[in-house]
Amino acid sequence: MPKRLILALAALLLVPPLRAQAVQRDSLLNRMIGHWVLRGPMHGKDVVHDVTFQWVLGGEYVEMHEVSRERTAAGAPAYEAIVYLVRDPHTGGYGALWLDNTDYNAFYPGGKGLAPASADSIALVFTYSATDSFHTTFAYDRATDTWTWRMDNEDARGRRPFARVTLTRES
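It should be emphasised that the depicted structure is a prediction, and the values quoted were computed from it without experimental measurement.

Rules used throughout
- Residues numbered from 1 in each chain as written.
- Predicted model: local features only at pLDDT ≥ 70, side-chain atom pairs only at ≥ 80, totals over all residues.
- Heavy atoms only, no water.
- Helix = DSSP H or I, 4+ residues; strand = E, 2+ residues; numbered from the N terminus.
- Buried < 20%, exposed > 50% of the residue type's maximum accessible area, 1.4 Å probe, protein only.
- Contact = heavy atoms within 4.5 Å.
- Phe/Tyr/Trp six-rings, centres within 6.5 Å; stacked < 30°, edge-to-face > 60°.
- Pairing = 2+ DSSP bridges.
- Axes fitted to C-alpha atoms, helices over the stretch in contact; angles between N-to-C directions.
- Salt bridge = Lys/Arg side-chain N within 4 Å of Asp/Glu carboxyl O.

Draft legend 1. How the structure looks around the overall build of the chain. Helices and strands together make up the secondary structure of the chain, namely 2 helices and 10 strands. Helices and strands appear in the chain in the N-to-C order α-α-β-β-β-β-β-β-β-β-β-β. Expressed as a percentage of its 171 residues, the buried residues of the chain come to 35%. Within the chain, contacts between residues separated by at least 24 positions form 33% of all contacts whose residues are at least 6 apart in sequence.

Draft legend 2. Up close: the side chain of H135. Locating H135 in the fold gives a position in strand β8 (residues 133–141). Take H135: its relative accessible area is 10%, and that puts it in the buried class. The residues contacting H135, other than those within four sequence positions of it, are L124, V125, R150, M151, D152, E154 and R159.

Draft legend 3. The arrangement of unusual backbone geometry in detail. With phi around 50°, H43 is a residue other than glycine that occupies positive phi space. Here H43 is to be found in the loop between β1 (34–42) and β2 (45–56). Of the residues examined, H43 reaches a relative accessible area of 63% and is grouped as exposed. One non-glycine residue with positive phi stands out, namely D145, at about 50°. Within the fold, D145 resides in the loop between β8 and β9 (146–155).

Draft legend 4. The packing of aromatic side chains, seen in detail. Enumeration over the complete set of coordinates arrives at 6 aromatic pairs. Here a set of aromatic residues connected by ring pairs shows up, and it is made of W98, F126, F138, Y140, W147 and W149.

Draft legend 5. Region of interest: the sheet that holds strand β7 (residues 121–127). Within the closed barrel, the 10 strands sit side by side as β1-β2-β3-β4-β5-β6-β7-β8-β9-β10. Their pairing is antiparallel. Mean inter-strand twist for the sheet, computed between neighbouring axes without regard to direction, equals 25°. Here β1 runs beside strand β10 (residues 158–169); their pairing, made up of 5 bridges, is antiparallel. Among the inter-strand pairings, R39 is bridged to a residue of β10, identified as T166.

Draft legend 6. How the structure looks around the pattern of salt bridges. For the structure shown, the criterion picks out 9 salt bridges. The shortest N-O distance in the salt bridge between K45 and E70 comes to 2.9 Å. Taken together, the residues K45 in strand β2 and E70 in the loop between β3 (61–68) and β4 (80–87) connect sequence positions 25 residues apart. Where R160 meets D155, a salt bridge forms, and the shortest distance between an N and an O atom there is 3.0 Å. According to the relative accessible area criterion, D155 is buried, its value standing at 18%. Via salt bridges that share partners, D152, R159 and R164 belong to a single interconnected network.

In structure tokens, the structure reads:
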């Protein structure tokens, strides 16, 4: 065997195999992982929802599954949502794709929210039109290991509260 071929084969054996790049999980999103109970006023009434956050798709996204304990006459949850949260490794900002049972609209752009990077909060804005948007802010309290979740409607009349709820870990 020629000396060059032997050297080339030896060099290939010394090169480590290619591996998928390890996903760097965002520490703030990581604090969401687990089972939570949402409680507080939402759209004019007190609600209780069960909320689960888990890493999915190889740790690239956090999936939130929210289910109200209130039921419809048919026995289905009055509200249910699946949300995908992600931190953009290039900008450091956050993104969300919100899917729920209140509006079936073939992935309407208003279901996509964006938020700038922040220390212990994720302030998503879902833009419906030039004048209408929805603000969803998750704020983490390190001292109590809880999240507050503020939701506001905004339109030409201004910004109005929709919900002021708290997420506590399910025990």
